[in-house]
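Summary of the model geometry
Okay, here's what each chain looks like letter by letter:
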Amino acid sequence: MSRLVSISLSFVILLQSFGISLYDISQIDEFIEHAQFHSEQYEDNVFVFISKHYGELKAIHNKEHQEEKEDHEQLPFQQQSHFSSLTALVLNSQKEDFKSVEIPEYKSHNFFYQAPSSSLHSRGILQPPRHS
């Protein structure tokens, strides 16, 4: 069950990253219906239909066929949304003199050295490197 949830959430995130919403997916039937209309009325194939509604021929097609404006608004992927954020940096013009912070000198040490008590050190097996 968790795999199904993970896969479905991943699919939703993928669709949203492409800018595809559930509203666009629900309008696929309008897309197919309008494509069939263009196929019967203008004898357009799928590539010409997509070009007329989403590509290079969109402006010309919209200008010549104003009567289909309501049908064109119902097609998926016609909505454009833009999110922006504005970041403002405000510099304070008042200059305040900062007082220097005195750091107290603390001389108590919390460490000590204890000579190794292992028998390996006394036999000479583990010795630090010597300078030549």
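Rules of the game
- Counting restarts for each chain: residues are numbered from 1 in the order of the written sequence.
- With the structure being a predicted model, the display of local features is reserved for residues of pLDDT at least 70 and the display and counting of side-chain atom pairs for 80 or more, all residues being used for whole-chain, interface and lining totals.
- Side-chain measures were taken over the full set of non-hydrogen atoms in the model, leaving aside hydrogen atoms and water.
- Helix and strand assignments follow DSSP, with helices taken as H or I runs no shorter than four residues and strands as E runs no shorter than two, numbered in order from the N terminus.
- Relative accessibility under 20% of the residue-type maximum defines a buried residue, over 50% an exposed one, and the middle range a partly exposed one, all with a 1.4 Å probe and only protein chains included.
- What makes two residues a contact is simply this: any of their non-hydrogen atoms within 4.5 Å.
- A carboxyl oxygen of Asp or Glu within 4 Å of a side-chain nitrogen of Lys or Arg is what we treat as a salt bridge.
- Pairs of N or O atoms are called polar contacts if they sit within 3.5 Å, as long as, within protein, a hydrogen donor faces a hydrogen acceptor (for residues adjacent in sequence, only side-chain-to-side-chain pairs).
- Aromatic rings from Phe, Tyr and Trp, taking only the six-membered ring of Trp, are treated as a pair when their centres fall within 6.5 Å; an angle between ring planes under 30 degrees marks them as stacked, one over 60 as edge-to-face, and anything in between as tilted.

Mapped onto the secondary structure, Leu 15 falls in helix H1 (residues 2-17). The class for Leu 15 is buried, based on a relative accessible area of 14%. Spatially, the C-alpha atoms of Leu 15 and Ile 25 are 9.9 Å apart, while their sequence positions differ by 10 residues. Residue contacts for Leu 15: discarding those within four places in its chain leaves Ile 20 and Ile 25.

As a further point, take the pattern of salt bridges. Under the defined criterion, the tally for this structure stands at one salt bridge. The salt bridge involving Asp 44 is made with Lys 52; its shortest N-O contact spans 2.8 Å. Accessibility expressed as a relative area gives 12% for Asp 44, which makes it buried. For Lys 52, a relative accessible area of 16% corresponds to the buried category.

Here the focus is the side chain of His 34. One can find His 34 in helix H3 (residues 28-41). His 34 gets classed as buried once you look at its relative accessible area, which sits at 6%. At a separation of 3.0 Å, a polar atom in the side chain of His 34 contacts the side chain of His 53. Excluding residues within four positions of it along the chain, His 34 makes contact with Phe 49, His 53, Glu 68, Asp 71, His 72 and Leu 75.

Glancing now at the packing of aromatic side chains. All chains considered together, the criterion is met by four aromatic pairs. Arranged with centres 5.3 Å apart and planes meeting at 65 degrees, the rings of Phe 31 and Phe 49 form a pair that is edge-to-face. With Phe 31 in helix H3 and Phe 49 in helix H4 (residues 46-54), the pair connects residues that are 18 residues apart, well separated along the chain. Geometrically, the ring pair formed by Phe 37 and Tyr 42 is edge-to-face, given 6.1 Å between the ring centres and 90 degrees between the ring planes. According to the relative accessible area criterion, Phe 37 is partly exposed, its value standing at 33%. Since its relative accessible area comes to 26%, Tyr 42 is described here as partly exposed.

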